[in-house]
Amino acid sequence: MRRRDYLGSFELMVLVTVMRLGDDAYGVPISTELEEETGHEIAVASVYAALQRLEDKGLVTSRFGDPTPERGGRAKKFFKATGKGIREARNTHRALTRLWRNIPQLEGGTT
Amino acid sequence: VTRPGLATWFLRHLGVDDAVIGDLVEQHESGRSGRWFWRQALTATFHVARTHALVTIGAVALGWTALWLFFRFVGSPLSRFDQYLLENGLIDRYSAAWWLRSILMWLVVGFPFLASGWMVTKVAARNELFPVLTFALSVSATILVALVLDTGQADPAPLRMWLTPVPLFLIGGPATAIVVGGFVAARR
């Protein structure tokens, strides 16, 4: 049986954020969105490491934008989820939702 | 807001992706603190170290091999020849020949460090500074251990030596030569 590469939790969060941001998905909005959603400081380099792994798996593609002065003349690197990436996120979501069912500790409440 | 230029410079030369540096600069320009920038820079450095661990290990091993080969086949015979000249009184102390010999010896000692730093940086190509800094650090650490354990063939070094700049020079000199060699190789 072929070994399946499962998405790590951080990779999944990054992939979903890329999908949410659409055409504006580059390092800054991705990490800002992740910080807002998780409430923790996110290392930009960790986001890029996850994006690199996602790109290696064929789940996202990247392209460079134009260099901008507020970035010291450096170009933005935009990311976009591929069809495979969207399928993978959907499958993982389904699997997690199924696993989530009937776990008393995870039902209701905030603690 | 002033950008931590030193951190940006280091990141670029450590091989951190330009897009990552651009993101950090953009966020810093829009109000993130200098401390935030340095924290992010450290994490980015850690990622480079992890990603390029094999290249770094290979480059450092090459640097050490180059040093060993040089001192084994050039440095050591030259040192014995120098000792022969001095012990047999063929060169008078502080004469023109003595000064010439001293300059030559410093060049002979300094050159392999400079050359090995250049070589390590050339081999490491994309992430130029990380391997050369690791190599320089490993050389300094080895010299420090050798000084502390006093493993040389000469008479034991007196303890008062540690109160002089000599150890600092012995530890920092080769590392500086290695880094200078690295900078020469990295210059575009």
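Residues numbered from 1 in each chain as written. Chains lettered and ligands numbered in written order. Predicted model: local features only at pLDDT ≥ 70, side-chain atom pairs only at ≥ 80, totals over all residues. Heavy atoms only, no water.

(A) Looking closely at the overall build of chain A. A count of helical and extended segments in chain A gives 4 helices and 2 strands. If you list the helices and strands of chain A from N to C, you get α-α-α-β-β-α. Dimensions of chain A along its principal axes, counting C-alpha atoms only, are 55 × 40 × 20 Å. Contacts in chain A between residues at least 24 apart in sequence constitute 51% of all its contacts with a sequence separation of at least 6. As displayed, chain A has an accessible area near 7000 Å², and 53% of this comes from carbon and sulfur atoms. (Helix = DSSP H or I, 4+ residues; strand = E, 2+ residues; numbered from the N terminus. Contact = heavy atoms within 4.5 Å. Areas by Shrake-Rupley, 256 points an atom, 1.4 Å probe, with all protein chains shown as cover.)

(B) Expanded view of unusual backbone geometry. A positive phi angle, near 60 degrees, is found at A:Asn102, a position not held by glycine. One can find A:Asn102 in the segment after helix H4 (83-100).

(C) Summary view of the pattern of salt bridges. Summed over the entire model, instances satisfying the criterion amount to 10 salt bridges over all chains. Put simply, A:Glu11, A:Arg53 and A:Lys57 are held in one network by salt bridges that share partners. (Salt bridge = Lys/Arg side-chain N within 4 Å of Asp/Glu carboxyl O.)

(D) The arrangement of the packing of aromatic side chains in detail. Residues and elements named next belong to chain B. Across all of its chains, the model carries 13 aromatic pairs over all chains by this definition. Between tryptophan 9 and phenylalanine 183, the aromatic rings sit 5.6 Å apart at their centres with planes inclined by 25 degrees, giving stacked as the arrangement. Separated by 174 residues along the polypeptide, tryptophan 9 in helix H1 (residues 5-14) and phenylalanine 183 in helix H7 (residues 166-186) bring together distant segments of the chain. Taking relative accessible area as the criterion, phenylalanine 183 reaches 36% and is therefore assigned partly exposed. With a centroid separation of 5.0 Å and 85 degrees between ring planes, the pair formed by tryptophan 98 and tryptophan 99 is classed as edge-to-face. The exposure class of tryptophan 98 is buried, given its relative accessible area of 11%. For tryptophan 99, a relative accessible area of 46% gives the class partly exposed. A connected cluster of aromatic rings, assembled from ring pairs, spans Phe70, Phe71, Phe111 and Phe113. Directly above the aromatic system of phenylalanine 73 lies the positively charged group of arginine 72, at a separation of 5.2 Å from the ring centroid. (Phe/Tyr/Trp six-rings, centres within 6.5 Å; stacked < 30°, edge-to-face > 60°. Buried < 20%, exposed > 50% of the residue type's maximum accessible area, 1.4 Å probe, protein only. Lys NZ or Arg CZ within 6 Å of the ring centre and 35° of its normal.)

(E) Molecular detail of the pairing of strand E1 (residues 60-68) of chain A. Residue and element names in this part refer to chain A. Note that E1 and strand E2 (residues 74-81) share 7 bridges and pair antiparallel. Across the sheet, the residue bridging to threonine 61 is lysine 80, located in E2. In sequence, E1 turns back onto E2 through a hairpin of 5 residues, with glycine 72 there showing a positive phi of about 65 degrees. (Pairing = 2+ DSSP bridges.)

(F) A look at the packing of helix H4 (residues 53-87) of chain B against helix H6 (residues 129-149) of chain B. All names here are of chain B. Running from N to C, H4 and H6 cross one another at 50 degrees; their axes reach a closest spacing of 9 Å. The angle between H4 and H6 falls in the class oblique. Regarding H4 and H6, the two cross each other, and that crossing is right-handed. Each of Thr56, Ala59, Val60, Gly63, Trp64 and Leu67 in H4 lies in contact with H6, whose residues at this interface are Phe130, Pro131, Thr134, Phe135, Ser138, Val139 and Thr142. (Axes fitted to C-alpha atoms, helices over the stretch in contact; angles between N-to-C directions. Parallel < 35°, antiparallel > 145°, perpendicular 65-115°, else oblique. Left-handed = near helix turned anticlockwise from the far one by under 90°.)

(G) Inspection of the packing of helix H1 (residues 9-21) of chain A against helix H3 (residues 44-56) of chain A at higher detail. Residues and elements named next belong to chain A. It is the contact of H1 with H3, at a shortest axis distance of 9 Å, that shows an interaxial angle of 85 degrees. When the interaxial angle is binned, H1 and H3 end up roughly perpendicular. Between H1, through Phe10, Glu11, Val14, Leu15 and Val18, and H3, the contact on the second element is made entirely by Ser46, Val47, Ala50, Leu51, Arg53 and Leu54. Per-class residue counts for the contact of H1 with H3 are 8 nonpolar, 1 polar and 2 charged. (Nonpolar A, V, L, I, M, F, W, Y, C, P; charged D, E, K, R; others polar.)

(H) Focus on the interface of chain A and chain B. The partner chain B presents 22 residues to the 22 residues of chain A that form the contact. Taking both partners together, chain A and chain B bury about 1600 Å²; carbon and sulfur atoms supply 49% of that area. Area buried by chain A at its contact with chain B is led by A:Glu41, A:Val44 and A:Arg74, which between them contribute 34% of it. The interface formed by chain A and chain B holds 5 salt bridges in total. Across the pair A:Glu35 and B:Arg32 runs a salt bridge, and its minimum N-O distance is 2.7 Å. Here chain A is connected to chain B by 11 residue pairs in polar contact (both at pLDDT 80 or more). (Buried area = accessible area lost by both parts, 1.4 Å probe. Polar contact = N/O pair within 3.5 Å; in protein donor to acceptor, adjacent residues only side chain to side chain.)

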